[in-house]
Amino acid sequence: MDSSAPCILVPFSFSEYSFQAGRIAFYWAEKMNATLLFLHVTTEKELAPLELQVDKVKEQYINEIDSKKLPDISFEFHLKQGVIEEEIKRYDKKLHPILVIMGTRDKKQKQLDLIGSVTAEVMEQIKTPVLAIPNEIFLKPLEHIKEIAFATSLGKNYLLNYDKGMQFFKQYTGNIHLLHVIETDEIENKEAYDIKQQKMQDLLDKARLAYPQANITAKFIEPTQSRARELNFYAETNQTDLIVVKKSNRMWLLNKLLFASTAQNLVFHAETALLVI
């Protein structure tokens, strides 16, 4: 593997959803001129049986590359003993990947949260962007993604955060929808509402100027339910391929996700991929 090339880190669990996320990682690596590092972490003391599994997975990916089902991207597997969240954090600090891609469980398996407790914890504890891909979907290669919802709080550094998120979509030609779910105090306070409207217009103008090839729109969503549910509803009704959540949104959104299934039922639709910047 070329140590000078950008790297995408792919935590791997030998599950079908993990294998599917690996496939998607090949396409993202191709567009980002990156290599792939698959990481499996185990608490087992004996690694030999797992090494055989790793060889089988590598062989399957190589076969798909040879048959042109996957792009020819340099990749390797690392097998480590330890706690998965801690090892991901260690690799993140060591390798400085440009992206972490993680598959998540299907609906029937998700008991505590919708995107997986490991994925949620990783998102909380590392600075690298994380792409969470539900098992039920095959996220399209970047050039075929048509609908992106970009959630924004319009808080501090909202323009800078948008630029950070758009690093993944520099040549994107589809539709980007800037979304802000209005706070109750913004609805009741005309001055606060007007400030948010001006911020959204500034963001829209900046985005259209910087990315003229994309069709960019802006929308305020008046809440009738929680913010996370509003984004979920928008994704469902607008056939959204990907929801992008900027760092400023991370805390409230992940809190919603972590407690959704017991406190609020479903928050995010399992068929929507989530990119946390």
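In this report, we go over the structure that sits alongside the text. Sequence order sets the numbering: in each chain, residues are counted from 1 along the sequence as written. Local features are withheld for residues below a pLDDT of 70 in this predicted model, meaning they are given only at 70 or higher, and side-chain atom pairs are given and counted only at 80 or more; totals for whole chains, interfaces and linings count all residues. Hydrogens and water are ignored here; the side-chain numbers use all heavy atoms of the structure.

Moving on, we get to the pairing of strand S7 (residues 175-181). Partly exposed residues are those whose accessible area sits between 20% and 50% of the maximum for their type, while under 20% is buried and over 50% is exposed, using a 1.4 Å probe and protein chains only. Put simply, DSSP marks the helices as runs of H or I at least four residues long and the strands as runs of E at least two long, and each gets a number from the N terminus on. Taken across its 7 residues, S7 has 6 buried, putting it largely inside the fold. Relative to S7, strand S6 (residues 147-151) runs parallel, the two sharing 5 bridges. The residue of S7 that forms the bridge with Phe150 is Leu178. On the question of chirality, the crossover connecting S6 to the parallel S7 by way of helix H5 (residues 158-166) is right-handed. Two strands make a pair as long as DSSP finds a minimum of two bridges between them. Two strands pair when backbone bridges link them, and S7 and strand S8 (residues 215-221) are joined in this way by 7 bridges, in the parallel orientation. By the bridge assignment for S8, Val181 is matched with Ile221. When the strands point away from the viewer and the connection leading from the first strand across the helix to the second strand turns clockwise, the crossover is called right-handed.

What follows concerns the packing of aromatic side chains. To describe a pair of aromatic rings, you give the distance between the ring centres and the angle between the ring planes. Aromatic pairing here means that ring centres of Phe, Tyr or Trp (its six-membered ring) are within 6.5 Å. Orientation follows from the plane angle: under 30 degrees is stacked, over 60 is edge-to-face, and everything else is tilted. Counting across every chain of the model gives 15 aromatic pairs. A centroid spacing of 5.5 Å and a plane angle of 90° characterise the contact between Phe12 and Phe14, whose relative ring orientation is edge-to-face. Relative accessible area serves as the criterion here: at 3%, Phe12 is assigned to the buried category. Here Phe19 and Tyr61 contribute two aromatic rings whose centre-to-centre distance is 4.4 Å and whose plane-to-plane angle is 5°, an arrangement assigned as stacked. Of this pair, Phe19 sits in helix H1 (residues 16-31) while Tyr61 sits in helix H2 (residues 48-66); the two residues are 42 residues apart in sequence, bridging distant segments of the chain.

To estimate the expected span of a helix, subtract one from its residue number and multiply by 1.5 Å. Counted at 1.5 Å a residue, the expected span for helix H7 (residues 190-210) with its 21 residues is 30 Å, and the 30 Å between its end C-alpha atoms agrees. Among all positions in H7, only Lys196, Met200, Leu203, Leu204 and Ala207 are buried. The buried residues of H7 occupy an angular sector of 100° when projected down its axis, which confines them to one face. Exposed residues lying more than 90 degrees from the buried face of H7 are Lys190, Glu191 and Leu209. Contacts between residues were defined by any pair of non-hydrogen atoms, one from each residue, lying within 4.5 Å. Close packing links the buried residues of H7 with H5, S7, helix H6 (184-188) and S8. N or O atoms closer than or at 3.5 Å make up a polar contact, with two conditions inside protein: a donor-capable atom paired with an acceptor-capable one, and, for residues adjacent in sequence, both atoms drawn from side chains. Regarding H7, its N-cap is Asn189, as a side-chain oxygen of that residue lies 3.0 Å from the backbone nitrogen of Glu191 further along. The directions considered for the arc are those from the helix axis to the C-beta atoms.

Cavities and pockets are defined on a 1 Å grid built over the protein atoms alone: a cavity is a set of grid points where a 1.4 Å probe fits but cannot escape, while a pocket is an open set with protein on both sides within 12 Å along at least five of seven lines, and lining residues are those with an atom within 4 Å of any such point. Grid points are joined across faces, edges and corners, and a volume is the space filled by probe spheres set on the points. Evaluated as defined, the whole model comprises 2 cavities of 30 Å³ or more. Volume-wise, the second largest cavity comes out at about 30 Å³. Lining the second largest cavity are Ala149, Phe150, Ala151, Leu179, Leu231, Tyr234, Ala235 and Ile243. If you list the elements that add at least two residues to the lining of the second largest cavity, you get S6 and helix H8 (227-237). Its residues placed into classes, the lining of the second largest cavity shows 8 nonpolar, no polar and no charged. Under the convention adopted here, Pro, Cys and the residues Ala, Val, Leu, Ile, Met, Phe, Trp and Tyr are nonpolar, Asp, Glu, Lys and Arg are charged, and Gly plus all remaining residues are polar.

Before going further, it helps to spend a moment on the environment of His40. Along the chain, His40 turns up in strand S2 (residues 35-42). When the C-alpha atoms of His40 and Ile88 are compared, they prove to be 9.4 Å apart, with 48 residues separating the residues in sequence. When neighbours within four sequence positions are excluded, His40 is seen to be in contact with Phe12, Ser13, Phe14, Leu50, His78, Leu79 and Lys80.

Now for the packing of H5 against H7. Note on definitions: angles span 0 to 180 degrees between N-to-C directions of axes, and those axes are lines fitted to C-alpha atoms, for helices only across the stretch in contact. In contact at an axis separation of 10 Å, H5 and H7 are set at 35° when each is read in the N-to-C sense. As H5 packs across H7, the resulting crossing turns out to be right-handed. Within the contact between the two elements, H5 uses Tyr158, Leu159, Tyr162 and Asp163 and H7 uses Lys199, Asp202, Leu203, Lys206 and Ala207. Residue composition of the contact of H5 with H7, by class: 5 nonpolar, no polar and 4 charged. The crossing is said to be left-handed when, going from far helix to near helix, the turn is anticlockwise and less than a right angle, and right-handed when the turn is clockwise.

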